[in-house]
Amino acid sequence: VVTGRIQHRGEEQISLLIDSVKSVENANGSYDNDTDASVGDTVTWKVEASVPSNVNELKTYKLTDKMSDALTWENKAKANLEITTNNSTTLEASTDYTLTVPEDNTTGGTWTIEFTEAGKTKLATSNVKVITVTFNTKLNENAIIGSEGNLNDAELDYSNAIYPTEDPDNPNKG
């Protein structure tokens, strides 16, 4: 069993409603909390994150996925990581966000999508409500067999500090 879990991490309390969901593609092509897979199978994941209307005012808006050691990031081409939005706004790598991925054939590993100032502005002015990221991994020999499953965690990391801040080293002050 392969399972997905999402965590939220922000700096102090935040008054924005930011929801996110992590799921895995099952045998019938829909996404759910878990699926059955065998060692060597490709597992397709989906991470969805709500975008606050004032995302352009946030200091940080970033998605990070830390894969368990039961998952292998084969390479960027096989991972086929895609970023889409609820209203088909096109997001450009390097301009709107930076993407950091594991080295090829990494057991476990982490990918990160961090939105640039231009990207956060585009999300806000285009009225994007949801970002969806899909990607593939391979289930490897470290997989745990049984109901305990193999977790794949994702985090939505944001700062509730709204620009401008008086102290750039402490965004919640000012």
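Data block above holds the structure.
All values derive from a computational prediction rather than experimental measurement. (Residues numbered from 1 in each chain as written. Predicted model: local features only at pLDDT ≥ 70, side-chain atom pairs only at ≥ 80, totals over all residues. Heavy atoms only, no water.)

**Quick notes on the pairing of strand β6 (residues 61-67)**
- The element β6 is extensively covered by neighbouring structure, given that 6 of its 7 residues are classed as buried.
- Note: β6 against strand β11 (residues 110-115), 5 bridges, orientation antiparallel. What sits directly across from Asp 65, in β11, is Trp 111. (Buried < 20%, exposed > 50% of the residue type's maximum accessible area, 1.4 Å probe, protein only. Helix = DSSP H or I, 4+ residues; strand = E, 2+ residues; numbered from the N terminus. Pairing = 2+ DSSP bridges.)

**Describing the pattern of salt bridges**
- One pass over the structure, following the stated rule, counts 5 salt bridges.
- A salt bridge links Glu 74 to Lys 78, with the nearest nitrogen and oxygen atoms 3.7 Å apart.
- The exposure class assigned to Glu 74 is buried, which follows from its relative accessible area of 14%.
- Residue Lys 138 pairs with Glu 74 through a salt bridge whose shortest N-O separation is 3.9 Å. With Lys 138 in strand β12 (residues 130-139) and Glu 74 in the loop between β7 (71-73) and α1 (76-79), this pair connects stretches of sequence that are 64 residues apart.
- If you follow the salt bridges from partner to partner, you end up with Glu 74, Lys 78 and Lys 138 in one network. (Salt bridge = Lys/Arg side-chain N within 4 Å of Asp/Glu carboxyl O.)

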